[in-house]
Amino acid sequence: MRLVSALAATSVVTVLTTAAPALATAPPTAPGTRTAAVAPAQGHEATGQEVRALLSTGTPGALAVAEDPRGTWYASAGTAERGASVTPLPDHRFRAGSITKMFTATALVQLAAQGRLRLDDTVDRWLPDLVRGNGNDGRNITLRQLLNHTSGLYDYTSDPEFVRSHLTGENFLRHRFDRFTPQQLIATALAHHPYHDPGKGWNYSNTNYALAGLVIEKASGRTYAQQLRRTIIEPLGLRQTTVPGTSVEVPAPRLRGYSKLGENDSSARVHDVTRMSPTVPNAAGEIISTAPDLNRFLSALMSGRLVPEPWLRQMRTTVPLNDQLSYGLGLLARKLPCGKTVWGHGGQIQGYLSYAAATDDGTHRATVAVNSDWPDPARLDKVLDAEFCQD
């Protein structure tokens, strides 16, 4: 759920080009066989090289899928499952982590566009008395400040005891199926003083999106999952995207997720953490998806098909973080080394790292994912740098 930088498997590299916009896929690799490498598509050689280079981090597998007006292609390396030769393919699902925040922000902005709420409503207007104590006060925090992380609310995933008891080490394995309500997670955050007064700084906090999910439910009269399916997932035909709720599974076909449980040593034991409770990330990071679905979502969002243009402009009104990064309403803007700017979000959750990005008109989009959580997220940045700076 952390902000991705921007924010020994068998090596298999496959690159596919298509003249048509539809994504073609290769047949699955039979166990015990090796797929011959296919030469990268013209103009995408650097991207393919960066995908292949991800294996040097020790990740079992890596996958990137890109789309532009010339067509669709993908590059994959390694394996979708340790101990097997299963080529990562575009239809393989993975936990998208904080990429979920783009969906949550979009759903809330849609409600604002419909007049169901205002982005400058206070949290207390929708969730009376929920945010109180230790200097936290929902009467002074707006919904906009939740979405752009200027609320000052402490991040519940940074609570030292919660990290020890549920997010790292053997305790994660013991408790990875525990269920939490958003209110329980928010209470963990409210045990801490805020990072700063509302609107007076910027601190990434999953607590903001746990609250946003509750506001979506209150304003829409539907569960968070129902609202996302009704207004985003089903209209866009994102057939491989799910909001798991309490299900601990990643539906097949999938990239299995692997973790060292917070240990950075190269000799640390690797654990299969594919199955886990999605109630900890909830509206801040629970979505399961595929690279093509995430690209399709970004294409629709950036082109104004999900929210009207005036509201998209608000989503792309950003808080500067440094010379390269700024953050809007659930959207990270990153200036690339070649001078271009792309919009999207990173995802980091046990077992997976991913990053989805698109140009401001949505005509060029790409998603990269690895089925491990220990690589330096900046390595995923390099894949997208290569893809978007190819021209």
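Residues numbered from 1 in each chain as written. Predicted model: local features only at pLDDT ≥ 70, side-chain atom pairs only at ≥ 80, totals over all residues. Heavy atoms only, no water.

Colleague: How should the state of the cysteines be read in this particular structure?
Modeller: Linking two cysteines covalently via their sulfur atoms produces the bond known as a disulfide. This structure, assessed with the given rule, holds 1 disulfide. Disulfide pairing is shown between C338 and C389; the S-S distance is 2.0 Å. Measuring the twist about the S-S bond at about -70°, one finds the C338-C389 disulfide to be left-handed. On the criterion of sequence distance, the pair formed by C338 in the loop between β12 (332–335) and β13 (341–349) and C389 in the segment after α13 (378–388) is long-range, its members being 51 residues apart. The class for C338 is partly exposed, based on a relative accessible area of 41%. (Disulfide = S-S within 2.5 Å. Helix = DSSP H or I, 4+ residues; strand = E, 2+ residues; numbered from the N terminus. Buried < 20%, exposed > 50% of the residue type's maximum accessible area, 1.4 Å probe, protein only.)

Colleague: Got a minute to help me understand the environment of S372 in this structure?
Modeller: Tracing the chain through its elements places S372 in the loop between β15 (365–370) and α13. According to the relative accessible area criterion, S372 is buried, its value standing at 0%. For the pair formed by S372 and V273, sequence separation is 99 residues and the distance between their alpha carbons is 9.3 Å. Other than its neighbours up to four places away in sequence, S372 contacts T59, P60, Y258, G351, Y352 and L353. (Contact = heavy atoms within 4.5 Å.)

Colleague: Which parts of the structure should I look at to understand the pairing of β12?
Modeller: Here is the key point about a regular strand: its side chains alternate between the two faces of the sheet. With 3 bridges connecting them, strand β11 (residues 325–327) and β12 associate as antiparallel partners. Bridge pairing links L325 to R334 in β12. Examined bridge by bridge, β12 and β13 share 4 bridges and lie antiparallel to one another. For A333, the partnering residue across the bridge sits in β13 and is W343. If you look at the hairpin formed by β12 and β13, you'll find 5 residues sitting between the two strands, and G339 has a positive phi there, around 100°. (Pairing = 2+ DSSP bridges.)

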